[in-house]
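# Secondary and tertiary structure notes
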Amino acid sequence: MMKRAVQVVLTVLVLGALGAATAYGISSALGIRVEPKDVPVEALRAAPPREPVVPPRVRVTAPDGVRLDAARAELRDATADGEGTATLRVGFGEGDPDDDSYRLTGTADRLRIRAASETGAVRGVYDLAEAAWAHRPLTERLGGTVTSRLPFRMVDLGAAGVDPDPGQWRGGTDYSHYSRAFEDVLLPDAPWIDEAALGDAREDLHDFAEHVLAQGYNAVTVPGFLEYVTFAEVPEVYADDPEYVARAEAVRDAFGPLWAELDELGLDVYLRTDMLVLSTPLERHLTERFDLDPTDPGLWGVYEAALDELYAELPQLSGVVLRIGEGGSIYNTPGIDYFSEITVTTAPAVRAMLDAFTGQAERADKDVVFRTWSVGVGAVGDMHTNPESYDEVLAGVDSPRLVVSTKYSLGDFYSWLPLNETLEQGSQRRIVELQSRREFESFGTVPNDLGVLHQLALRRFLAANPHVEGVWTWTQDGGPWRAGPRSLLLITGFWQLYDLNTEVAGRLARDPDADPAELTADWVRRWLSTDPDTVAKVTQALALSREAVTHGQYVPQFAEVRAFALGLEPPPQMLLFEWDILTGDSAVLDVLYAVTRDSGPGGVTEAIDDGQHAIDVATTMRDLVAGTDEATYRDPALREQLLASLDYQVDLHALLGAYREMVLRHAQWLDTGEGRHVWESARQRFDAAAVRHEETYGDDLALPAYNLTAARIGEERAARDLPMAWLARGGLVALLLGLGLTRTGRTLVRTALTPWRDPGPVSRWLVVALPVAAVAWSRLVLTWFLAPSHLLAVGLGWGVLGSVVAVATWRTRSWHVATAVGGAVVLRSLLLLAVLAWRGPGGYWFVFWTEPLVRAAYVVVAVVLAGWVLTALVWSLAARSVSRRAAAAAAGTVGGVMLALGALLAAVGLEDALTVWNDQLALLPWGMARILGITTFLGIPTALPTWLAAAGAGVVVAALALGLPRRRAA
């Protein structure tokens, strides 16, 4: 008896230790924690009113040249409606072609620009045009030397070459990051280029170039790299695939002249690519020769040869822009065999790449712009935000041709983020990335004046780091191109609204001390109106724009802290998951509530009130613009677009505010048990707002409705939580009555606790029915009766166990094993039903995500009871058979479950299986699967099902060997 007691104690201790290890592993994997952060304080204001100064028409005398011709054309357009006339004489010397300084002299009617180089002269003419558009005096810079603080001012390619076909935007579910620029130009077969489409693309490019040159930019980054390369210096790459050579030559012949024209206009052209970028033959070559090892200098030698060829054929290029942190299918060009892979994932790999690329750049006198943007684990994974990782990757890499490009924020282009401290370090040349069409803030469909924020960033980095020399402003790019609004810079939609940020960023890059309020007012006069009253009201509205966005599209109580989970740092905008999806998952919403609750007294109420505050601010903005006179606008259609944008913002914030209240009130009920009726009222308000939003904007491509699929999934499950709690309570009572009022029920419990003892006579149907009912009912309640995929996966495990028990019952001709195991299964299910009886599945997951101590205690008990099921199998079977065979049966059960689950996942596909499972349980953001995929987001190996099945098969084989009869000694 003492021996058995010791065995029981040891077993429980071992299972308890296993449970504790499991709880620790879960907590470590979740890694949920919050930290304070220092967010820049934006203080926007409207510029004081002033009377407009109508410019004179200007007659320009200047040397011939395409750059000055373009600048003169801009000045001519800006003064076309001027009053009176003035003359401008432009002259320049043979100085540094990168020097854009100039001196303006003369009088109001006789102006003169003198510069050391053509670059400065051109800049001076553009500055006069800028003043004329804004109705400022052309003489305001008279007598001084004008120079630019940051010499490197780059933009993306905007929407040049992008087809505005409305059909591509319908549905709003295309989350590809591929712009499809020049898609009509590139043909899948010879002759490879559509000449008519190329002509249209050329016009787009020139329009874009002239636009950004006028805004002060002098460089552009265009997508592509491998498309231009024939690997003439490594001919074996395409030896068996001549069509790649022919295509590359055709692309060079088509686009090379276009890039030369941009260069001649004054825009340095950089090709932008991921690394590794591959084609099928190139991947085969690099794998055969270098095992696709990014630390092998030989591999990078192939890319060096490609760059040598590229610059020899296209000397008009200024360099390349490299990204290693993102890649894959959402960036790849459909129908063309060039693709990217995230392969450069270690510091040695980055250094090997940069050693090769910068060495080549020094020989060719070109630049290598290396982006620190990277999403992953380790030094390379967080070098964008971690100063120590930045140093580990880049310290000592000091080529004069290397430029390191980094987003201004400590993360992606969200609000409520600290400024990126890694921009204050490093000995490399640095440029700051900015985004005009904020992808996470409605893609520029609502007013969002970022001038003050960008000025705060630039001033801080310039003060801290003498190596900061430029900006890279994303005018259009970032995020999916067609899952958001159909607005394309210079092509369609109200693109002027986000072009404000491009214009102000360009001017701040030249003069970081300029007044952002005045720059915004200049934009209003340039595009909307010069009427003082109209300018005053519109600038007042824009001065409120950040208040509306940062409170309407974020929950400030959550956004003001740094949150960490699943090895990642989730963004501050987790009420929305990536762009336009209202998230409905318990992980995000429960943690968001917990952080809000703990932010201070009244935290939840304050968060809900913030949603109403955002509506009030947006309404004030709309009323200000509505109070302007249509007749004062340059183009009344722009006034209508601005009003439509503000109507959209009011409606959107009403939707988001109602949703915020609904999810916070539900979590509050899960937490406290109080206020279920308050949640019901909030739910009605959200449903009404959702119907109104979808009816108004569901078919609007310019102002599209947000995606409410995930929100409704979460809402439906939240509505079922209370009924599920009552079903769990009813099931718990029924099960306890069945166990207590029947002899077989009592025998099940007794045998489960002492499985080595013979249970005696039992009712066979109750021995089967009670455990099956307990398992089925508890799991149905856990899944709200809405997740058959979860039931299938769990059912596989219980099915394997049931099969082993059935075989044991047949072989031993006894119901001992079935009674012991069935009783243990009932005890395990009683625990789950007891937890679900609290506040349903929502309460179960609320505690799992937000209460680490309670979660740990539950996991320990759950693991002990689950382990006790196998213990009951072993001891009950050992009482009827050989102990070795009993152990083999338990091991075979575990192996069989692993094999069955692995085989199922392999047959379905891990990503598809996880997507369906998550859609039905709403645990993780629904958008994960729609954007990059759950496996990619969480770094889950896609080979996991194969590994699981193989390991399970190995355990089963070992169990069979262990259970075989053994020869007796003679």
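Read on for an overview of the structure. (Residues numbered from 1 in each chain as written. Predicted model: local features only at pLDDT ≥ 70, side-chain atom pairs only at ≥ 80, totals over all residues. Heavy atoms only, no water.)

What follows covers the packing of aromatic side chains. Inspection of every chain in the model, using the stated rule, returns 27 aromatic pairs. Aromatic side chains Tyr-175 and Trp-579 sit 6.0 Å apart centroid to centroid with 25° between the ring planes, which places their arrangement in the stacked category. Here Trp-579 lies in the loop between β17 (561-564) and α17 (586-597) and Tyr-175 lies in the loop between β7 (152-155) and α4 (195-214), a separation of 404 residues in the sequence. With respect to class, Tyr-175 is no different from Trp-579; both count as buried. Measuring from ring centre to ring centre gives 5.3 Å for Trp-495 and Trp-527, while their planes differ by 85°; the resulting arrangement is edge-to-face. In this pair, Trp-495 sits in the loop between β16 (468-474) and α12 (496-510) while Trp-527 sits in helix α13 (residues 516-527), placing the two residues 32 residues apart along the sequence. Across the pair, exposure class does not vary: Trp-495 and Trp-527 are buried alike. Counting every residue linked through ring pairs, the aromatic cluster contains Tyr-844, Trp-845, Phe-848, Trp-849 and Tyr-858. The residue whose ring lies beneath Arg-33 is Phe-564, and the NZ or CZ to ring-centre distance is 3.9 Å. The cationic tip of Arg-482 hangs over the ring face of Trp-169; the distance from NZ or CZ to the ring centre is 4.9 Å. (Phe/Tyr/Trp six-rings, centres within 6.5 Å; stacked < 30°, edge-to-face > 60°. Helix = DSSP H or I, 4+ residues; strand = E, 2+ residues; numbered from the N terminus. Buried < 20%, exposed > 50% of the residue type's maximum accessible area, 1.4 Å probe, protein only. Lys NZ or Arg CZ within 6 Å of the ring centre and 35° of its normal.)

Axis separation between helix α19 (residues 636-672) and helix α25 (residues 816-850) bottoms out at 9 Å; the angle between their running directions is 100°. For the element pair α19 / α25, the angle class is roughly perpendicular. Packed against α19, whose contacting residues are Ala-667, Trp-669, Leu-670, Asp-671 and Thr-672, the element α25 presents Trp-838, Arg-839, Gly-842, Gly-843 and Phe-846 at the interface. (Axes fitted to C-alpha atoms, helices over the stretch in contact; angles between N-to-C directions. Parallel < 35°, antiparallel > 145°, perpendicular 65-115°, else oblique. Contact = heavy atoms within 4.5 Å.)

Further remarks concern the sheet that holds strand β5 (residues 110-115). Spatial ordering of the open sheet is given by β2-β3-β5-β4-β6, a layout of five strands whose pairing is mixed. Edge strands, defined here as strands with exactly one partner in the open sheet, are β2 (57-61) and β6 (145-146). One ladder, built from five bridges, connects strand β4 (residues 102-106) with β5; its direction is antiparallel. Counterpart to Leu-104 in the pairing with β5 is Ile-113. (Pairing = 2+ DSSP bridges.)

This paragraph deals with the packing of helix α23 (residues 764-782) against α25. Where α23 contacts α25, the two axes come as close as 8 Å, and the packing angle between them is 20°. When the axes of α23 and α25 are compared, the pair comes out roughly parallel. Crossing angle aside, the handedness with which α23 passes α25 is left-handed. Class assignment of the residues belonging to the contact of α23 with α25 gives a composition of 17 nonpolar, four polar and two charged. (Left-handed = near helix turned anticlockwise from the far one by under 90°. Nonpolar A, V, L, I, M, F, W, Y, C, P; charged D, E, K, R; others polar.)

Another point: the sheet that holds strand β15 (residues 429-435). What the eight strands build is a closed barrel, ordered β7-β8-β9-β11-β13-β14-β15-β16; its pairing is parallel. Taken pair by pair, the neighbouring strands of this sheet meet at an average axis angle of 25°, ignoring direction. In terms of strand pairing, strand β13 (residues 367-371) meets strand β14 (residues 402-407) through four bridges, oriented parallel. The residue of β14 that forms the bridge with Val-369 is Val-403. Its contacts with the sheet put helix α7 (residues 297-313) on β9 (268-274), β11 (317-323) and β13, and the angle it makes with β11 is roughly 145°.

Thr-744, Gly-745, Thr-747, Leu-748, Thr-751 and Ala-752 are the residues of helix α22 (residues 743-753) that are buried. All buried residues of α22 lie within an arc of 160° about the axis, which places them on one face of the element. In α22, the exposed residues that point more than 90 degrees away from the buried face are Arg-743 and Leu-753. Buried residues along α22 sit in contact with α21 (709-741), α23, α25 and α26 (852-880). (Arc of directions from axis to C-beta.)

This brings us to the environment of Ile-431. With respect to the helices, strands and loops of the structure, Ile-431 is situated in strand β15. Along the primary structure Ile-431 and Leu-150 are separated by 281 residues, whereas in three dimensions their C-alpha atoms are 9.2 Å apart. With residues up to four places along the chain from it excluded, the contact list for Ile-431 reads Phe-152, Met-154, Val-369, Val-403, Val-404, Ser-405, Thr-406, Leu-423, Glu-469, Gly-470, Val-471 and Trp-472.

Every other side chain in a regular strand lies on the same face of the sheet, so the side chains alternate between the two faces. Among the seven residues of β9, five are classified as buried, and the element is accordingly described as predominantly covered. Where strand β8 (residues 219-223) meets β9, five bridges bridge the pair, whose relative direction is parallel. Looking at the pairing, Thr-221 lines up with Tyr-270 of β9. After leaving β8, the chain enters helix α5 (residues 242-265) and then returns to the sheet as β9, a path that is right-handed. Note: β9 against β11, six bridges, orientation parallel. When the bridges of β11 are listed, Tyr-270 appears paired with Gly-319. (Right-handed = clockwise from strand over helix to strand, strands pointing away.)

This part takes up a nonpolar patch on the surface. A cluster of nonpolar side chains, Met-2, Val-6, Val-9, Leu-10 and Leu-13, forms an exposed patch at the surface whose accessible area comes to about 500 Å². Topologically, Leu-10 is positioned in helix α1 (residues 2-30). (Patch = residues over 30% accessible without salt bridge, like charges linked within 9 Å, V, L, I, M, F, W, Y side chains within 5 Å. Areas by Shrake-Rupley, 256 points an atom, 1.4 Å probe, with all protein chains shown as cover. Salt bridge = Lys/Arg side-chain N within 4 Å of Asp/Glu carboxyl O.)

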